[in-house]
Amino acid sequence: MRLITLLTDFGLENNFVGVMKGVICRINPAVQIIDISHNVRAGDIKEAAFLLKNSYKYFPKSTIYLVVVDPGVGTRRRAILVKTKNYFLVAPDNGVLSWALKDEQISQIIEIQNNRYFLKPVSNTFHGRDIFAPVAAWLSRGKAPQVFGKPIQKIKQIPYPVPEYQPPDKLLGEVIYIDHFGNLITNISQEEFLKFTKNPPTKSGQAKFEIKIKNYKISKISHSYGPPIKQPIVLVDSFDNLELALPGGNLAKSINIRKGEPIIVSRKK
Amino acid sequence: MRLITLLTDFGLENNFVGVMKGVICRINPAVQIIDISHNVRAGDIKEAAFLLKNSYKYFPKSTIYLVVVDPGVGTRRRAILVKTKNYFLVAPDNGVLSWALKDEQISQIIEIQNNRYFLKPVSNTFHGRDIFAPVAAWLSRGKAPQVFGKPIQKIKQIPYPVPEYQPPDKLLGEVIYIDHFGNLITNISQEEFLKFTKNPPTKSGQAKFEIKIKNYKISKISHSYGPPIKQPIVLVDSFDNLELALPGGNLAKSINIRKGEPIIVSRKK
Amino acid sequence: MRLITLLTDFGLENNFVGVMKGVICRINPAVQIIDISHNVRAGDIKEAAFLLKNSYKYFPKSTIYLVVVDPGVGTRRRAILVKTKNYFLVAPDNGVLSWALKDEQISQIIEIQNNRYFLKPVSNTFHGRDIFAPVAAWLSRGKAPQVFGKPIQKIKQIPYPVPEYQPPDKLLGEVIYIDHFGNLITNISQEEFLKFTKNPPTKSGQAKFEIKIKNYKISKISHSYGPPIKQPIVLVDSFDNLELALPGGNLAKSINIRKGEPIIVSRKK
């Protein structure tokens, strides 16, 4: 049994997601379909790239990732199929795959052009249904990537917002995602945080530090959300990034944070 | 493998949808279930009829469409099973199937009455669980439609809001659906639009036209959403209706539109 | 084919639910997964307990219920696996299973401790992915409960809010759940209501009664939602509890009710 995952900004009110699944099942009734999310903010390519990057390693080998966050639908942006050592990915070439593919070994990139595999007539506004879903479905039936179009060398990249070192003692990051619980996921990985706070090495192995968001300052890493308190805490989240949370509450709402809010880590003496 | 699709107004907070799926799987563990949507506006039969009409053709032959938007649950409204040339549909007889069935060749209509196939005791408020889900599940296991009740001749119709010709040069339509992106789907099909604007024939093949919503006037059909602008555009949507959109934005929210808002197409000389 | 159901407070915006499903499918590609709900209010153990209690009987025998409403993730709360006569349940030991298990015949309780079956490294904040999902998946592949840890005798209980008899003629209940339609589900079961109103027995078999919420008084049980009116009605809901509703409307919003609102049933002479 082959698995196709879906990640879109289509929401769940419309019939869009259901129709894509219908198209897939008509081509391959034996496929299994799993939703990663359909509530990516409308047209937010970076949010989809972030969710895909944090999701794809958890699925079985040979999974086909179908990603349709496609504000440029109907324009000249390309449609692509990427084969890596472990997976297949199908999406518009707008950068949405680029963060997930950073650590993957890419073996093939195809520009999807062979309309023999499209649902016709191809609409101007719903390539998820007319191009991406059928291609993913045929792929799940065993068609080779090259039947869908011609090989290309590169996919579009969007820059990952890496934290910035500000000498002598600051690391500037930002809130890159806000989850359902109002927890703030930062772009500072545990690895970067440790590298920053352990350099120069101190007797204790790690320098004292302070993490600042708005006027809140936190100076330790917690290991669970713990009982309700009125102060934000910092944890390492399940995808290995620093995460700020309000135990028993919704931090994003409580202190009114949006994506992009600066986070400053300072080394203390 | 047989496929059952679900379309309801149950929302996704409760256990209602999950329980229906449990009931189905208990009867037919091998069935595949796909959600069309569970976020139909509470009790909005027309919205469900619209979504079903725009969805059902995309699913495999012999799919069973289970539609439970049922404000009359517990009253004397009938429960029906309709067999067409290609599909099966199971729903309350409140008109919710009537738009999808307009172009289908109906071969059998059954009033569902045989409580042998119901989940007992049958509640007054959740026939989705107690009647519709079990009937769809037994149908997916191969039971013939006639075992569920007696044949009837007609189902309840609800009138489709067809656009109105206002001589000499206006076509009056309305917003029939607003999608997740705030795009406004009208009741004017591409075919009707072309028929209207090409009659009388002009040298260029199509008369000049103007499409008006509130105080906004649009005089061309766009072929993609394109880059963000401050003006509404008109496209032909993926279900062949005229659609109004705000590139890079949410038109419904920006200009405060609800379903039913008038759209006027005028022929220009 | 084995069935795993999911009940969480993870919401559907993030990748959390999708990732759990990926982890499950990697261990058991042949499993079927059904969502009960992912929109339990964040950290609301009682709401999840209520939904589970009202759902689990509708699924096939041997279904594995995976419940992750886990505000104590990363603390010393236990992870448990419960085998009953008919089902398997996997959850944090915070009481979330206790209402569903009241009428079930428990055959085995295991404290989940064997990290051989965990996804490593185990994070501090996402045991749904790292512990509960893999255990449910291995269980669905036929592993015996005892391989996951050591038997224990008891699970944590949370008290079910039973209605209170106030002599001589009142029964005090409360709103225990508000559904998608704004209907108010009370903690007064049909059985308790009948026992209360039939005692002492009257000539008609049932005493006159009045059900009061805020300033609204209702003195009969309706059998359907019926046509829109401006007055609340009372029905027996599909899970056998008294339910208050506003025909054609949303009662919770109309009269501004939250969970916990008192309901008073009075016997009349």
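Below: a short report on this structure. From a predicted model like this one, the values you see are computed outputs, not experimental measurements.

Basis of the calculations
- Residues numbered from 1 in each chain as written.
- Chains lettered and ligands numbered in written order.
- Predicted model: local features only at pLDDT ≥ 70, side-chain atom pairs only at ≥ 80, totals over all residues.
- Heavy atoms only, no water.
- Helix = DSSP H or I, 4+ residues; strand = E, 2+ residues; numbered from the N terminus.
- Buried < 20%, exposed > 50% of the residue type's maximum accessible area, 1.4 Å probe, protein only.
- Areas by Shrake-Rupley, 256 points an atom, 1.4 Å probe, with all protein chains shown as cover.
- Lys, Arg positive; Asp, Glu negative; His and termini not counted.
- Charge placed at Lys NZ, Arg CZ, Asp CG, Glu CD.
- Contact = heavy atoms within 4.5 Å.
- Buried area = accessible area lost by both parts, 1.4 Å probe.
- Salt bridge = Lys/Arg side-chain N within 4 Å of Asp/Glu carboxyl O.
- Polar contact = N/O pair within 3.5 Å; in protein donor to acceptor, adjacent residues only side chain to side chain.
- Least-squares fit on C-alpha atoms with pLDDT ≥ 70 in both.
- Nonpolar A, V, L, I, M, F, W, Y, C, P; charged D, E, K, R; others polar.
- Pairing = 2+ DSSP bridges.
- Axes fitted to C-alpha atoms, helices over the stretch in contact; angles between N-to-C directions.
- Phe/Tyr/Trp six-rings, centres within 6.5 Å; stacked < 30°, edge-to-face > 60°.
- Lys NZ or Arg CZ within 6 Å of the ring centre and 35° of its normal.
- Parallel < 35°, antiparallel > 145°, perpendicular 65-115°, else oblique.
- Left-handed = near helix turned anticlockwise from the far one by under 90°.
- Right-handed = clockwise from strand over helix to strand, strands pointing away.

1. Things to note about the overall build of chain A
Piece 1. A tally of helices and strands in chain A yields five helices and 15 strands.
Piece 2. Its C-alpha atoms give chain A principal-axis dimensions of roughly 65 × 40 × 35 Å.
Piece 3. For chain A, with 269 residues in total, the buried portion stands at 59%.
Piece 4. For chain A, the computed accessible surface area is about 11,700 Å², with 50% contributed by carbon and sulfur atoms.
Piece 5. Separation between the mean location of the 38 positive side-chain charges and that of the 22 negative ones in chain A comes to 3 Å.

2. Focus on the interface of chain A and chain B
Piece 1. Tallying the contact residues gives 28 residues for chain A and 29 residues for chain B.
Piece 2. Approximately 2,400 Å² of surface area, both sides summed, lies buried where chain A meets chain B, with 57% of it carried by carbon and sulfur atoms.
Piece 3. When the area that chain A buries against chain B is broken down by residue, the three leading residues are A:E13, A:N15 and A:T125, summing to 23%.
Piece 4. Taken together, the links from chain A to chain B amount to zero salt bridges.
Piece 5. The tally of links from chain A across to chain B stands at 14 residue pairs in polar contact (both at pLDDT 80 or more).

3. Here's the deal with the relation of the copies chain A and chain B
Piece 1. The transform that puts chain A on chain B rotates by 120 degrees and translates by 0.0 Å along the axis, for an RMSD of 0.0 Å. Both copies of the chain, as the preceding transformation shows, are related through a three-fold rotation axis.

4. Thoughts on the interface of chain C and chain A
Piece 1. At the junction of the two partners, chain C supplies 28 residues and chain A supplies 29 residues.
Piece 2. Interface of chain C and chain A: buried area, both sides summed, is about 2,400 Å²; carbon and sulfur atoms make up 58% of it.
Piece 3. The largest share of the area that chain C buries against chain A comes from C:E13, C:N15 and C:T125, three residues that together contribute 23% of it.
Piece 4. Linking chain C with chain A are zero salt bridges, by the criterion used here.
Piece 5. Here chain C is connected to chain A by 14 residue pairs in polar contact (both at pLDDT 80 or more).
Piece 6. When residues of the side of chain C that touches chain A are assigned to their parent elements, the largest contribution, eight residues, is made by helix α1 (residues 16-27) of chain C.
Piece 7. Its residues placed into classes, the side of chain C that touches chain A shows 13 nonpolar, ten polar and five charged.

5. Focus on the pattern of salt bridges
Piece 1. A complete count under the given rule lists 28 salt bridges over all chains for this structure.
Piece 2. Across the pair A:K150 and A:E111 runs a salt bridge, and its minimum N-O distance is 3.1 Å. Of this pair, A:K150 sits in strand β7 (residues 149-151) while A:E111 sits in strand β6 (residues 106-112), placing them 39 residues apart in sequence.
Piece 3. Residue A:K150 is classed as partly exposed on the basis of its relative accessible area of 41%.
Piece 4. Classification of A:E111 by relative accessible area gives buried; the value is 12%.
Piece 5. A salt bridge links C:R41 to C:D44; the nearest nitrogen and oxygen atoms lie 2.9 Å apart.
Piece 6. Residue C:R41 is classed as exposed on the basis of its relative accessible area, which comes to 52%.
Piece 7. Judged by relative accessible area, C:D44 falls into the buried class, the value being 11%.
Piece 8. By sharing partners, the salt bridges in this structure join A:R41, A:D44, A:E47 and A:K259 into a single network.

6. A short note on the sheet that holds strand β7 (residues 149-151) of chain B
Residue and element names in this part refer to chain B.
Piece 1. Read across the open sheet, the seven strands follow the order β2-β1-β3-β5-β4-β6-β7; overall the sheet is mixed. Looking at the sheet topology across the chains shown, the edges are occupied by β2 (32-37) and β7. On average, each strand axis in the sheet is tilted by 20 degrees relative to the strand beside it, whichever way the strands run.
Piece 2. Here helix α1 (residues 16-27) sits on the sheet and contacts β1 (3-8), β2 and β3 (64-68); the angle it forms with β1, its principal contact strand, is near 155 degrees.
Piece 3. Contacts from helix α2 (residues 45-53) reach β1, β3 and β5 (88-92), with the element oriented near 150 degrees to β1.

7. Side note on the environment of A:G74
Piece 1. Relative to the helices and strands, A:G74 is located in the loop between β3 (64-68) and β4 (79-84).
Piece 2. For A:G74, a relative accessible area of 29% puts it in the partly exposed group.
Piece 3. Not counting chain neighbours up to four residues away, the residues in contact with A:G74 comprise A:N124, A:H127, B:H223 and B:S224.

8. Brief notes about the packing of aromatic side chains
Piece 1. In total, this model carries 47 aromatic pairs over all chains according to the counting rule given.
Piece 2. Ring plane angle 75 degrees and centroid distance 4.7 Å describe the contact between B:W99 and B:Y160, whose orientation is recorded as edge-to-face. Linking B:W99 in the loop between β5 and β6 (106-112) with B:Y160 in the loop between β7 and β8 (164-166), this pair joins segments that are 61 residues apart in sequence.
Piece 3. Pairwise contacts between aromatic rings join A:F10, A:F16, A:F126, B:Y58, B:F181 and B:F239 into one cluster.
Piece 4. A cation sits over an aromatic face here: B:R129 above C:F239, 5.1 Å from the ring centre.

9. A closer look at the sheet that holds β3(A)
Piece 1. An order of β2-β1-β3-β5-β4-β6-β7 (chain A) is seen for the seven strands of this open sheet, with the pairing classed as mixed. Bordering the open sheet on either side are β2 (32-37) and β7 of chain A, each of which pairs with just one other strand. Shown here is a sheet whose adjacent strand axes are inclined to one another by a mean of 20 degrees, direction ignored.
Piece 2. In this sheet, strand β5 (residues 88-92) of chain A lies alongside β3(A) in parallel orientation, the contact comprising three bridges. Bridge pairing in β5(A) links A:I64 to A:F88.
Piece 3. This element, helix α2 (residues 45-53) of chain A, spans β1 (3-8), β3 and β5 of chain A of the sheet and lies at about 150 degrees to β1(A).
Piece 4. The strands that α1(C) touches are β1 and β2 of chain A; relative to β2(A), the one it contacts most, it runs at about 145 degrees.

10. Examining the relation of the copies chain C and chain A
Piece 1. The operation relating chain C to chain A is a screw motion whose rotation component is 120 degrees, with 0.0 Å of axial translation and a residual RMSD of 0.0 Å.
Piece 2. Little of the interface of chain C is mirrored in chain A, where only 4% of its interface residues again form contacts.

11. Some words on the packing of helix α1 (residues 16-27) of chain A against helix α3 (residues 127-140) of chain A
All names here are of chain A.
Piece 1. The contact between α1 and α3 brings their axes to 9 Å, and the two run at 40 degrees. The angle between the axes of α1 and α3 places the two elements in the oblique class. Remark: the crossing between α1 and α3 carries right-handed chirality. Every residue of α3 that contacts α1 at V19, M20, V23, I24 and I27 is listed here: G128, R129, A133, P134, A137 and W138.

12. Remarks on the pairing of β1(A)
Along any regular strand, the residues point their side chains to alternate faces of the sheet.
Residue and element names in this part refer to chain A.
Piece 1. In terms of residue burial, β1 counts as a mostly covered element, since six of its six residues are buried.
Piece 2. Every second residue of β1 is oriented toward a common face, with L3, T5 and L7 on one face and I4, L6 and T8 on the other, all of them buried.
Piece 3. As judged from the five bridges shared by β1 and β2, these two strands associate in the parallel manner. When the sheet's bridge partners are listed, L3 is paired in β2 with Q32.
Piece 4. Crossover connection from β1 via α1 to parallel β2: handedness right-handed.

Geometric descriptors of this kind do not, in isolation, establish any biological role.
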